[in-house]
Amino acid sequence: MSPTPLSLEYLLRPSSIKSGKIPTCFMFHGYGSNEEDLFSFAPELPEELLVISVRAPYNLEPFGHAWYAINFDAEYGKWSDDEQAKVSRDKIVSFIDEACNAYNLDKENITLLGFSQGTILSYSVALSFPEKIKNVVALSGYINEGILLDGYETKNHSSLNIYASHGQVDQVIPLEWAQKTPDFLKALNINHKYEEFPIGHGVSQQNFYSFKEWLIKHI
């Protein structure tokens, strides 16, 4: 299957399902990476899933990509461009709709899998538009309330399932930021699982097998 041109660049692994609605996993990489990064997981994921690994829209030199700018300022420290992040959130929502139409996807069975900045965007999409998303696998990220849709808290999140994990010695995104996630999700009545692993900013083999087992139960 050669990929249909859509509004964002992506890699695709076909589903084993040949007819009817197809469950799908959309992947969103971290800051400075590209669509090939998380796509390395694709051969190990359930074969019924169509896997679409998406490239972030903003280019970083020399060859990376980002969902939004992260600025390092001597006076203000590290800060994120939330307005750019909101634009990317909406680009992702549009892209998912495009892919659903192009590939006859099951709109009731959409999974988002993110890492780091890709996780932050996955949370933003799922919490802002819970009617569009079934599952989120949120690796090494956190919930940025500043990029959630206004009024998100009034929406029905009860059909959403979230797996979140974080490294206990993550040197990029502080563990305590991720540790706020369970209480946040509980307040929205979201079914969730939160785990920590003795690693830095990455995904260990144990972490991979844990989220894979969770995903198999939820697709």
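Residues numbered from 1 in each chain as written. Predicted model: local features only at pLDDT ≥ 70, side-chain atom pairs only at ≥ 80, totals over all residues. Heavy atoms only, no water.

## Regarding the sheet that holds strand β11 (residues 191-197)
With mixed pairing, seven strands are arranged side by side in an open sheet as β1-β3-β2-β8-β9-β10-β11. Of all strands in the sheet, those bounded by a partner on one side alone are β1 (10-13) and β11. For this sheet, the mean inter-axis angle between neighbouring strands, taken without regard to orientation, is 15°. With six bridges joining them, strand β2 (residues 22-28) and strand β8 (residues 105-115) adopt parallel strand pairing. Bridged to Met27 within β8 is Leu113. Where helix α3 (residues 117-128) meets the sheet, its contacts fall on β2, β8, β9 (135-139) and β10 (161-167), and the angle it forms with β8 comes to roughly 145°. (Pairing = 2+ DSSP bridges. Helix = DSSP H or I, 4+ residues; strand = E, 2+ residues; numbered from the N terminus. Axes fitted to C-alpha atoms, helices over the stretch in contact; angles between N-to-C directions. Contact = heavy atoms within 4.5 Å.)

## Points about the pairing of β10
Within a regular strand, the side chains alternate between the two sheet faces. Burial analysis of β10 places seven of its seven residues in the buried class, the great majority of the element. Both faces of β10 are covered, namely the face carrying Asn161, Tyr163, Ser165 and Gly167 and the face carrying Ile162, Ala164 and His166. In this structure, β9 lies alongside β10, joined through five bridges in parallel fashion. When the bridges of β10 are listed, Leu139 appears paired with Ser165. With seven bridges joining them, β10 and β11 adopt parallel strand pairing. Note on β11: the bridge partner recorded for Gly167 is Phe197. (Buried < 20%, exposed > 50% of the residue type's maximum accessible area, 1.4 Å probe, protein only.)

## Description of the packing of aromatic side chains
For the coordinates displayed, the defined rule picks out 11 aromatic pairs. Ring geometry for Tyr163 versus Phe211: centroids 6.4 Å apart, planes at 55°, classification tilted. Linking Tyr163 in strand β10 with Phe211 in helix α6 (residues 205-218), this pair joins segments that are 48 residues apart in sequence. Consider the rings of Phe208 and Phe211, whose centres lie 5.1 Å apart with planes at 80°: the pair is edge-to-face. Taken together, the positions of Phe208 and Phe211, both in helix α6 and three residues apart, correspond to about one turn of that helix. Using a relative accessible area of 0% as the deciding quantity, one classes Phe211 as buried. Ring pairing ties together the aromatic residues Phe41, Tyr163, Phe208, Tyr209, Phe211 and Trp214, which thus form one cluster. (Phe/Tyr/Trp six-rings, centres within 6.5 Å; stacked < 30°, edge-to-face > 60°.)

## So, the environment of Asn156
As for its placement among the helices and strands, Asn156 is situated in the loop between β9 and β10. Each C-alpha atom of the pair Asn156 and Trp214 lies 22 Å from the other, and the pair is 58 residues apart in sequence. A polar atom in the side chain of Asn156 sits 2.6 Å from the side chain of Ser158. (Polar contact = N/O pair within 3.5 Å; in protein donor to acceptor, adjacent residues only side chain to side chain.)

## Observations regarding helix α2 (residues 82-103)
Compared with an ideal rise of 1.5 Å per residue, which puts 22 residues at 32 Å, α2 spans 31 Å between its outermost C-alpha atoms and is within 8% of the ideal. In this structure, the buried side of α2 is in contact with β1, β2, β3 (50-54), β4 (58-60), β8 and α3. For α2, the N-terminal cap is Asp81; the gap from its side-chain oxygen to the backbone nitrogen of Glu83 is 3.3 Å. Looking one or two places after α2, you find Asn104, whose phi comes out positive at around 55°. (Expected span 1.5 Å × (residues − 1).)

## Here we look at unusual backbone geometry
Cis geometry is adopted by the peptide bond preceding Pro62, which originates at Glu61 and carries an omega value of 0°. With respect to the helices, strands and loops of the structure, Pro62 is situated in the loop between β4 and β5 (64-66). A positive phi angle is found at Asn104, which is not glycine, with a value near 55°. One can find Asn104 in the loop between α2 and β8. Overall, Asn104 belongs to the partly exposed group, its relative accessible area being 38%. Positive phi outside glycine occurs at Ser140, with the angle close to 55°. By the secondary structure assignment, Ser140 is in the loop between β9 and β10. When its relative accessible area of 1% is taken as the criterion, Ser140 is described as buried.

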